[in-house]
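# Structural features, examined
One letter stands for each residue in the lines below.
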Amino acid sequence: MSKAIEELKLKRQGQFKKRSSQVPCGMICIVLAVAIYALSLQISTNHSTFWIIGILIGVTLQRSKFCFSASFRDPVLVGSTSLLKAIILALIISTIGFVAIEYSNSGGSESLDWIKTMGQVHPVGIHTAIGAILFGAGMVIAGGCASGFLMRMGEGFLLQIVVFFAFMMGAVIGTWHFEFWDKVLISNSPTIFIPDYVALPFATIGQVIILLFLYFLADWYDKKNSIMSM
Amino acid sequence: MKIYNKIFKNPWTYRTGAVLLATFNILLFYTTGRMWRVTNGIVSIGAFILEKIGLEPSKWYYFTTYRNIDIKTSESFLANPYILLNLAIILGALISVLLASEFKWKKIKSKKQLGFALLGGVMMGYGTRLSFGCNIGGYFSAIPSFSLHGWVFAFFMLVGAWVGSKILVRYLL
Amino acid sequence: MAEFRLDCLYEACPIPLLKAHKKLQQMKIGDLLILETDHNCSIVNVVDWVKKQGHHVDYIEITEGQWEIFIEKQK
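Since the model is a prediction, treat every value here as computed from it, not as a measurement. (Residues numbered from 1 in each chain as written. Chains lettered and ligands numbered in written order. Predicted model: local features only at pLDDT ≥ 70, side-chain atom pairs only at ≥ 80, totals over all residues. Heavy atoms only, no water.)

### Considerations on the interface of chain C and chain A
Taken together, the contacts link 32 residues of chain C with 31 residues of chain A. Interface area, chain C with chain A, both sides summed: about 2800 Å², of which 64% is carbon and sulfur. On the chain C side of the contact with chain A, C:Asn40, C:Lys52 and C:Glu64 bury the most area, a combined 20% of that side's loss. Measuring nitrogen to oxygen at the nearest pair gives 3.1 Å for the salt bridge that ties A:Asp222 to C:Lys52. Counting the contacts that link chain C with chain A gives two residue pairs in polar contact (both at pLDDT 80 or more). Looking at the side of chain C that touches chain A, the elements with two or more residues in it are strand E1 (3-8), helix H1 (14-26), strand E2 (32-37), helix H2 (42-53), strand E3 (56-63) and strand E4 (66-72) of chain C. Considering each element in turn, the side of chain C that touches chain A owes the most residues, eight residues, to E3(C). The residue makeup of the side of chain C that touches chain A, split by class, is 16 nonpolar, seven polar and nine charged. (Contact = heavy atoms within 4.5 Å. Buried area = accessible area lost by both parts, 1.4 Å probe. Salt bridge = Lys/Arg side-chain N within 4 Å of Asp/Glu carboxyl O. Polar contact = N/O pair within 3.5 Å; in protein donor to acceptor, adjacent residues only side chain to side chain. Helix = DSSP H or I, 4+ residues; strand = E, 2+ residues; numbered from the N terminus. Nonpolar A, V, L, I, M, F, W, Y, C, P; charged D, E, K, R; others polar.)

Shown next, in the form of structure tokens:
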């Protein structure tokens, strides 16, 4: 470490008195979370599972500063892909996990199609592209993606509360206009579930290989350390 | 104290976060049969508010035809478990930031910042309805469910992020 | 050796990083930059990026949820 920074650190550190602890408030919030868990347990176990996993996701997002918006923005803006690589890793793990659940639930036969009926399988077409471009541009200028603004509301960003309400407004308007888009684009688009075309084991292996390839591509790009578009 | 700092004070690596998030998504799918989604819950809250002010969103084409919302026909919009999931994420982040003693109210800096936040939020929200999902439901959960729309969404989200970065550098810096 | 100060309080995510990048280009080798931020992501985001660029960097938390990032330009 450089000497100048060390000196500056010492100098600045001396100018501020000891910080107060927020841990007691955190404890109160934990008690609140447990209380809501107990309450939801009486309504339905399904809801209580959602609650507890949500808390865990929230903690993880905040602690690891996981930001989907940055994972797409940083490669373009500053040429760094460490977040993108982490997300690709998460995608590989989820792929394998979902397939494992599929097999354990259907006992090896593919007739149940757990992922296809319960998972996120939807029509693909021009509407996907339009939606994704709107979403991608929106998340960069609003400073947070869907999981990001939820996490930052917890961190105390008043701006992200505004984003939340704007997001809700946009989503509701989109729902309202849905009939129009459905008639123009969506109803003509196919729903493509990849294991319908190649058997599930091949689809799994293929997907993992593609994700691994993207991982190494991202790694190479990061090492090139380019600063584009500035 | 050292262990406490390591867990609750110092930021985790991105890789730790990735492994944990994937694990929680798998756990959620295993225990409830549902994958992690965000917008689903937010649309339900919005529809509930519209219902309260006297509109009838439940008669909208989206809810009658697609029923992409996770509630049964007779239930109120508030029964959607994804609302609970979203609230839990906010509370979880709050707990985590308080345990690190790093909570601070961050106010809005300027009208310009507010305007871009509003614009960005509406764009994101509208986009999710076209493409069936946000960065979680349409990407983080969609690619592992082997749906092609997840891959298309990811690619065009990158294009969108590029456009957004251009706007950002031009107007906000 | 000059000392610069950047106020990035209340700024949303990529702005602190972009401002730091812009400022660093105008600075001479050995100059110091103090970046004030209250964005929880910046202490990972900015610090990682500056390290990758090969400058010296460190940060302290001055009050709850507010940090000062110190950067010494190296090249």
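Don't stop here, the text continues.
### Observations concerning the packing of aromatic side chains
Enumeration according to the criterion identifies 22 aromatic pairs over all chains in this entry. Put simply, the rings of A:Phe66, A:Phe68, A:Phe72, B:Trp36, B:Tyr139 and B:Phe140 touch in pairs and so form one group of aromatic residues. Of note, A:Lys183 hangs over the ring of B:Tyr61, and the distance from its end group to the ring centre comes to 5.3 Å. (Phe/Tyr/Trp six-rings, centres within 6.5 Å; stacked < 30°, edge-to-face > 60°. Lys NZ or Arg CZ within 6 Å of the ring centre and 35° of its normal.)

### Thoughts on the domain arrangement of chain A
Considered domain by domain, chain A is made up of domain 1 (22-64) and domain 2 (66-229). Here the C-alpha centroids of domain 1 of chain A and domain 2 of chain A sit 25 Å apart. (Domains from an automatic or database assignment.)

### Remarks on the nonpolar core
Within the largest apolar cluster, 111 residues are counted, with the highest numbers of intra-cluster contacts made by A:Phe66, A:Phe135, A:Phe149, B:Trp36 and B:Tyr139. For this core, the leading source of residues is helix H5 (residues 82-106) of chain A, giving eight residues. What A:Phe149 contacts, discounting residues up to four positions off in sequence, is A:Gly144, A:Gln160, A:Val163, A:Phe164, A:Phe167, B:Ile42 and B:Met124. In this structure, A:Cys29, B:Ile95, B:Leu98 and B:Leu99 belong to the second largest nonpolar core, which totals 13 residues. (Core = buried A, V, L, I, M, F, W, Y, C linked by side-chain atoms within 4.5 Å. Buried < 20%, exposed > 50% of the residue type's maximum accessible area, 1.4 Å probe, protein only.)

### Some thoughts on the side chain of A:Arg152
Its place among the elements puts A:Arg152 in helix H8 (residues 146-155). With no salt bridge to any partner, buried A:Arg152 finds its closest opposite charge in A:Glu155, at an N-O distance of 4.6 Å. Side-chain polar atoms of A:Arg152 contact the backbone oxygen of A:Gly143, separated by 3.0 Å. In this view, A:Arg152 contacts A:Cys67, A:Gly143, A:Gly144, A:Phe157, A:Gln160, C:Cys13, C:His39 and C:Cys41; residues no more than four positions away in its chain are not counted. (Lys, Arg positive; Asp, Glu negative; His and termini not counted.)

### Here we look at the pattern of salt bridges
If you walk through the whole model with that rule in mind, you get 13 salt bridges over all chains. Residues B:Lys9 and B:Glu102 are paired through a salt bridge, measuring 3.3 Å at the closest nitrogen-oxygen approach. Of this pair, B:Lys9 sits in helix H1 (residues 2-9) while B:Glu102 sits in the loop between helix H5 (81-99) and helix H6 (111-131), and the two are 93 residues apart along the sequence. Overall, the relative accessible area of 18% leaves B:Lys9 in the buried class. Here C:Asp38 and B:Lys104 are joined by a salt bridge, their closest N and O atoms 2.9 Å apart.

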